[in-house]
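Each chain, written out:
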Amino acid sequence: AQCALAHAPRTPGSFNGLAKVHGGAALEPRVKDLATPTRIVWGDQDRAVDVSSAEILHKLMPKSQVQILPGIGHLPQLEASSEIAKAYLEFRKGLN
């Protein structure tokens, strides 16, 4: 079941259901209309949470940007640390 959940495309409300399974607060209501500039980074090979989740979060946060990394899994900060660091610095530059 966990493998199927990891590879299932996400739909609005997916994070709410996932939070209930894990006993936490739902993520979607917490980030909806978030005014903080946000960079969403996702690996297209993520086997823990499907890459389609990035677009759901992006639609909820009006000041967000999405970066999908080809060939990268669930831990882009470890799997592509140099690329992530460069992208972060570029994102930060755009905030000024």
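Refer to the preceding data block for the structure.
Structure report, in brief. (Residues numbered from 1 in each chain as written. Predicted model: local features only at pLDDT ≥ 70, side-chain atom pairs only at ≥ 80, totals over all residues. Heavy atoms only, no water.)

1. Details of helix H4 (residues 52-60)
Rules: Each residue is assigned to one of three classes by its accessible area relative to the maximum for its type, calculated with a 1.4 Å probe on protein chains only: buried under 20%, partly exposed between the two thresholds, exposed over 50%. Helix and strand assignments come from DSSP, with helices taken as H or I runs of at least 4 residues and strands as E runs of at least 2, each series counted from the N terminus. Throughout, the arc means the angular range of directions from the helix axis out to the C-beta atoms.
Where H4 is concerned, the buried positions are Ser53, Ala54, Ile56, Leu57 and Leu60. Relative to the axis of H4, the buried residues are bounded by an arc of 160° and lie together on one face.

2. Here's the deal with the nonpolar core
Going by this rule: By nonpolar core we mean a set of buried residues, namely Ala, Val, Leu, Ile, Met, Phe, Trp, Tyr and Cys, connected to one another through side-chain atoms within 4.5 Å.
Judged by nonpolar contacts, Val31, Ile40, Trp42, Val49, Ala54, Ile56, Leu57, Leu60 and Met61 together constitute the single largest core of nine residues. Sorting the residues of this core by element identifies strand E1 (38-43) and H4 as the ones contributing at least two each. The biggest single contributor to this core is H4, with four residues.

3. Some points on the environment of isoleucine 56
Position of isoleucine 56 among the secondary structure elements: in helix H4. When the C-alpha atoms of isoleucine 56 and glutamate 28 are compared, they prove to be 8.8 Å apart, with 28 residues separating the residues in sequence.

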